[in-house]
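# Architecture and fold: a report
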Amino acid sequence: GNADAIPDLAQHDKKKPSVPLRPENLKIVEQAKPVLLAFEDISGGHKEHPHMGATDENGVLGYIHDETALRRNPPAFEYEAEKMKNA
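Residues numbered from 1 in each chain as written. Predicted model: local features only at pLDDT ≥ 70, side-chain atom pairs only at ≥ 80, totals over all residues. Heavy atoms only, no water.

### A look at the overall build of the protein
The secondary structure content of the protein amounts to three helices and two strands. For the protein, the α and β elements follow one another from N to C terminus as α-β-β-α-α. A burial count over the protein gives 0% of its 87 residues as buried. Of the roughly 9500 Å² of accessible surface on the protein, 57% is carried by carbon and sulfur atoms. (Helix = DSSP H or I, 4+ residues; strand = E, 2+ residues; numbered from the N terminus. Buried < 20%, exposed > 50% of the residue type's maximum accessible area, 1.4 Å probe, protein only. Areas by Shrake-Rupley, 256 points an atom, 1.4 Å probe, with all protein chains shown as cover.)

### Observations concerning the pattern of salt bridges
Throughout the structure, instances matching the rule amount to two salt bridges. Where Arg22 meets Glu24, a salt bridge forms, and the shortest distance between an N and an O atom there is 3.7 Å. On the basis of relative accessible area, Glu24 is assigned to the partly exposed category, the value being 45%. (Salt bridge = Lys/Arg side-chain N within 4 Å of Asp/Glu carboxyl O.)

### Re the confidence of the model for the protein
In the predicted model, the protein carries a mean pLDDT of 77, and 74% of its residues have values of at least 70. Per-residue pLDDT, averaged within each element of the protein, yields its smallest value for helix α3 (residues 81–85) (74) and its largest for helix α1 (residues 23–31) (91). (pLDDT = per-residue confidence, 0-100.)

### A short note on a nonpolar patch on the surface
Among the surface-exposed residues, Leu21, Leu26 and Val29 lie close enough to one another that they form a single nonpolar patch of about 250 Å² accessible area. Following the sequence through the fold, Val29 ends up in helix α1. (Patch = residues over 30% accessible without salt bridge, like charges linked within 9 Å, V, L, I, M, F, W, Y side chains within 5 Å.)

Put into structure tokens, the structure is as follows:
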């Protein structure tokens with residue numbers, strides 16, 4: 001087998017508890033039904049979720065913010081010297 005494979009823990013021998021369960025706890029465990037713990041995406045593609053994903057200037061989901069963009073490519077700063085003197 002693959003050395004990197006995730007071991008199937010259900011196949012390992014399970015140790016018995018050192019102290020048996022009390023009758024009321026045993027009754028609960030015997031009646032419990034298995035629960036699926038796998039992740040299930042119920043977001044509908046995050047189209048209506050207010051906190052998942054950002055939109056770009058065209059409203060398309062998937063925008064990733066780049067906090068260094070302005071520093072790396074600053075816009076030109078133009079001003080008229082006379083107007084700034086009187087500001």
